Amino acid sequence: MDERIPLLIDTDPGVDDALALLMAFADTRHELLGLTIAAGNVGLRHTVANALKLCEVAGVDVPVYAGCPVPLVHPAEDAAYVHGNDGFGDTGYEPAAARAQNEHAALAILRIARENAGKLLLVTLGPLTNLALALRLDPELPSRVGRLVVMGGAVTGQGNTSIPAEFNIAFDPEAADVVFRAFPRAEVVDWEAVVRHGFLHRDFDSWLAAGDGRARFYDAISRYTRGWSEGRRGAHFHSADALAMAVALEPGGVMRAEERYLAVELEGRLSRGATLVDWQRRTGRPENARILLDYDQARFEARIRAALGA
């Protein structure tokens, strides 16, 4: 039997994070070593509580590490209007019995990378604050990460937060800048790819109905978000973090991707947080991003169904 791949997830749960985490919990080829938590979709108190609760619901014993409660430099608005004030649809769930570890998330990233040097799959589903802080503490970190998969960006400027920017990058552009400058290669799943890989609300409803306790919990916490999405985006539901997790867990499902240089705009009056891609290779800078363009939709949806027990 092949050795399991060590996996670390940096996340800010969040409804779409929750679906991605359920996918990771259900995967047998990877060994999930921890969840490092940042503020983003909602504040850190809620994102940590949500991670702990999801582990409890899924019946998995995974250490949770609380990280940065604010962006590196500038304050940012959360996405409670999409996810609910607590990030999990304001369902009032009973808090998990478990508690977060004492170790800070940035330190946990550094330790776990050292313990799994060259093998670690690091997946980031939220703002990159924890990872940027870890890089400031140890600039050699990229040499110990086998793969970095980032959910973030809008590679032709069609954002979901401002005109050109996607939420995860826009929440902490300075952190994203640190990460993309430091890592020689990141696999990027951007918002525009997510829009191309939606699935019908009615199909998702049927998967939830056919699922187990995980599906029932997810049905409850996502109901507010699904209603918000259907009212604004139409018949298709989009789960950004789930698509990134599919790429991370099953890279063979990638049907088309492009390698390009990617940078983050920090100062633009209308474009702060934008991810600028050198599509024409004009700068001559080394390509630091493998940008997803198309993923096998059937494989993606099968992973979601399995995560829900459907």
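In the block above lies the structure referred to throughout.
A quick note: this is a predicted structure, and the numbers were derived from the prediction, not measured. (Residues numbered from 1 in each chain as written. Predicted model: local features only at pLDDT ≥ 70, side-chain atom pairs only at ≥ 80, totals over all residues. Heavy atoms only, no water.)

Asker: Outline unusual backbone geometry, listing residues and values.
Answerer: A cis amide bond links P13 to the next residue, G14, at an omega of -15°. Structurally, G14 can be placed in the loop between strand 1 (5-11) and helix 1 (15-26). In this structure, R281 takes a positive phi of about 55° despite not being glycine. (Helix = DSSP H or I, 4+ residues; strand = E, 2+ residues; numbered from the N terminus.)

Asker: Got a sec to walk through the pairing of strand 12 (residues 289-295)? Specific residues and values, please.
Answerer: On any regular strand, side chains alternate: one points to one face of the sheet, the next to the other face. Among the 7 residues in strand 12, 5 count as buried, and that is most of the element. The sheet contact formed by strand 6 (residues 186-189) and strand 12 spans 3 bridges and is parallel. Each bridged residue has a counterpart across the sheet, and for E187 the counterpart in strand 12 is R290. Note: strand 9 (residues 254-260) against strand 12, 6 bridges, orientation antiparallel. Bridge pairing in strand 12 links V254 to Y295. (Buried < 20%, exposed > 50% of the residue type's maximum accessible area, 1.4 Å probe, protein only. Pairing = 2+ DSSP bridges.)

Asker: Lay out the pattern of salt bridges with the relevant residues and their values.
Answerer: All told, the structure shown has 22 salt bridges when counted by the stated rule. Note that R111 is salt-bridged to E115, the shortest N-O span being 3.3 Å. Here R111 pairs with E115, and both are found in helix 4 (residues 105-115), just 4 residues apart, close to one helical turn. Judged by its relative accessible area of 24%, R111 is partly exposed. As a salt-bridge pair, E174 and R272 come within 2.9 Å of each other at their nearest N and O atoms. Of this pair, E174 sits in helix 7 (residues 173-182) while R272 sits in the loop between strand 10 (262-264) and strand 11 (275-277), and the two are 98 residues apart along the sequence. Judged by relative accessible area, which is 27%, R272 ranks as partly exposed. Connected through shared salt-bridge partners, D27, E250, D296, R299 and R303 make up one network. (Salt bridge = Lys/Arg side-chain N within 4 Å of Asp/Glu carboxyl O.)

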